[in-house]
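Observations on the model geometry
Here is how the chains run, residue by residue.
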Amino acid sequence: MPTIHIPVLLKETIEVLLADGGKTYIDCTVGTGGHSLELLSQTPQDVIVIGIDKDEQSLEVAKKRLKTFGERVKLVRGGYEEIDELIKPLKPGPVSGILFDLGMSSFHLDESDRGFSFREDGPLDMRFDRLQDFTAEELIDTFSQEALLDIFKKFGEEKWSRRLSRVIVEQRKRKPFKTTVDISDFIRRNIPRRAAHKTLARIFQAIRIMVNNELENLKTGLLKAFNLLEIEGRIAVLTYHSLEDRITKNLFRTLKKAGLLVAINPRCARPSKAERMKNRRSRSARLRVIKKLGEITGEITLEGMGDLEAEEKSGEND
Ligand SMILES: C[S@@+](CC[C@H](N)C(=O)[O-])C[C@H]1O[C@@H](n2cnc3c(N)ncnc32)[C@H](O)[C@@H]1O
């Protein structure tokens, strides 16, 4: 029986997404269907939900869970960075709300053969989209020391990045890394024991972000979603680490300055203590919600969004 992911900030997210009513919603990261199930349960028969995901295994689970809603659910395999192309054949009416629940799900962590977890033995894979060729194994096997250093630093914010990138490149000449245990045991042997857990989490996060091009896709996906949304429509984004949160915050800030949106929860919602205790994955979650006021007419610069070094210098981090 596959793991069913526990949706984070479920009640709060759906409530705020539905606040102004509407007929068509898009769940850009439908996963195993938790948020969509709630959305469909809380809306009348004439409301439809388009659920997008890159992962065919999660979509299979979502399909079964949402079956009772029949024609009200349309599931599409693909990346939200192509949201415009993906929904075109469905010819939806005006889109009233769009949800992004970022990153991986518990389903991914628990399926050891997907290679997302450093606690489980599996192939070095980490692809959300298994039609994609590029895997974690290829990254670790072929990227230069400088490139690995850059990824570990930028996407993992890991202080052992320099040492780890150097020893990984030395080791792979002797024996290539094939499994999650190969790399996690090796990392453990090369850093102080007390740092191991956090370092492994950060390095695995960094590799996953790079394998799936997560930050670039998020920038593209958010902008395309904004363009698709009807005026007065809402976007809700659940983020789980500072990199994706910063990208979301910066894009929304830019559009707000241009008078194109209003932030519904400017200080962003966090899970209650009770939710954090019940669901460990929710601990780092933040919910950002906006309402669209106008269309983008000129160029919106994507460069600089999520530019960590520049932001750290200007002290803009929340
Ligand atoms: C946190 S889970 C979503 C869980 C879902 N809200 C639920 O309640 O079951 C994130 C999902 O986003 C998917 N995903 C990641 N990047 C994606 C992308 N660029 N386009 C579409 N789906 C993506 C993953 O495969 C994963 O299933």
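Residues numbered from 1 in each chain as written. Predicted model: local features only at pLDDT ≥ 70, side-chain atom pairs only at ≥ 80, totals over all residues. Heavy atoms only, no water.

**A look at the overall build of the protein chain**
In terms of regular secondary structure, the protein chain is built from 14 helices and 7 strands. Here the C-alpha radius of gyration of the protein chain, 20 Å, is about what a compact globule of 318 residues would show, namely 20 Å. Its C-alpha atoms put the protein chain at 60 × 50 × 40 Å along the principal axes. Sequence separation of 24 or more characterises 74% of the internal contacts of the protein chain that already satisfy a separation of 6 or more. A total accessible area of about 15300 Å² is found for the protein chain, and carbon and sulfur atoms account for 50% of it. Positive and negative side-chain charges in the protein chain, numbering 55 and 50 respectively, have mean positions lying 6 Å apart. (Helix = DSSP H or I, 4+ residues; strand = E, 2+ residues; numbered from the N terminus. Rg over C-alpha atoms; globule rule 2.2 N^0.38 Å. Contact = heavy atoms within 4.5 Å. Areas by Shrake-Rupley, 256 points an atom, 1.4 Å probe, with all protein chains shown as cover. Lys, Arg positive; Asp, Glu negative; His and termini not counted. Charge placed at Lys NZ, Arg CZ, Asp CG, Glu CD.)

**Here we look at the pattern of salt bridges**
Under the counting rule described, the total for this entry stands at 25 salt bridges. Lys23 is paired through a salt bridge with Asp46; the nearest N and O atoms lie 2.9 Å apart. Residue Lys23 is located in the loop between helix H1 (10-18) and strand S1 (24-27), and its partner Asp46 is located in the loop between helix H2 (34-41) and strand S2 (48-53); the two are separated by 23 residues in the primary sequence. Under the relative-accessibility criterion, Lys23 is labelled partly exposed at 47%. Relative accessible area serves as the criterion here: at 41%, Asp46 is assigned to the partly exposed category. (Salt bridge = Lys/Arg side-chain N within 4 Å of Asp/Glu carboxyl O. Buried < 20%, exposed > 50% of the residue type's maximum accessible area, 1.4 Å probe, protein only.)

**With respect to the site of the ligand**
Residues in close proximity to the ligand total 26 residues, the closest being His35, Asp53, Tyr80, Glu81 and Asp101. Taking Asp53, its side chain carries an N or O atom lying 2.7 Å from an oxygen atom of the ligand. When isolated, the ligand has an accessible area of 610 Å², and the protein chains bury 99% of it. (Near = heavy atom within 4 Å. Polar contact = N/O pair within 3.5 Å; in protein donor to acceptor, adjacent residues only side chain to side chain.)

**Quick notes on the nonpolar core**
Ranked by size, the top nonpolar core spans 63 residues in total, and within it Ile26, Ile98, Phe100, Phe152, Ile207 and Ile235 carry the most contacts. Considering every element that reaches this core, the biggest residue donor is helix H10 (residues 196-211), with 8 residues. Built from parts of two domains, this core gets at least three residues from each of domain 1 (10-106 + 214-314) and domain 2 (130-211). Counting residues in each nonpolar core, the second largest holds 24 residues, with Leu9, Leu17, Leu18 and Ala236 among its members. (Core = buried A, V, L, I, M, F, W, Y, C linked by side-chain atoms within 4.5 Å. Domains from an automatic or database assignment.)

**Topic: helix H12 (residues 242-257)**
Taking 1.5 Å per residue as the helical rise, H12 with its 16 residues ought to reach 22 Å, and the 22 Å between its terminal C-alpha atoms agrees with that figure. After H12 finishes, the residue Gly259 shows a positive phi value of roughly 75°. (Expected span 1.5 Å × (residues − 1).)

**Let's talk about the domain arrangement of the protein chain**
The domain architecture assigned to the protein chain consists of domain 1 (10-106 + 214-314) and domain 2 (130-211). For domain 1 and domain 2, the distance between their C-alpha centroids amounts to 30 Å. Tallying the contact residues gives 13 residues for domain 1 and 8 residues for domain 2. Run the count over domain 1 and domain 2 and you get 3 salt bridges. Ionic pairing is found between Glu214 and Arg208, a salt bridge with its closest N-O pair at 2.8 Å. Where domain 1 packs against domain 2, one counts 3 residue pairs in polar contact (both at pLDDT 80 or more). Going through the elements one at a time, helix H3 (56-65), helix H11 (214-228), H12 and helix H14 (308-314) are the ones with two or more residues in the side of domain 1 that touches domain 2. Per-element accounting of the side of domain 1 that touches domain 2 gives the leading share, 3 residues, to H12. In terms of residue class, the side of domain 1 that touches domain 2 is made up of 4 nonpolar, 4 polar and 5 charged. (Nonpolar A, V, L, I, M, F, W, Y, C, P; charged D, E, K, R; others polar.)

**Points about helix H9 (residues 180-189)**
All of the buried residues in H9 are Thr180, Ile183, Ser184, Phe186 and Ile187. Projected down its long axis, H9 shows its buried positions confined to an angular sector of 160°, all on one face. (Arc of directions from axis to C-beta.)

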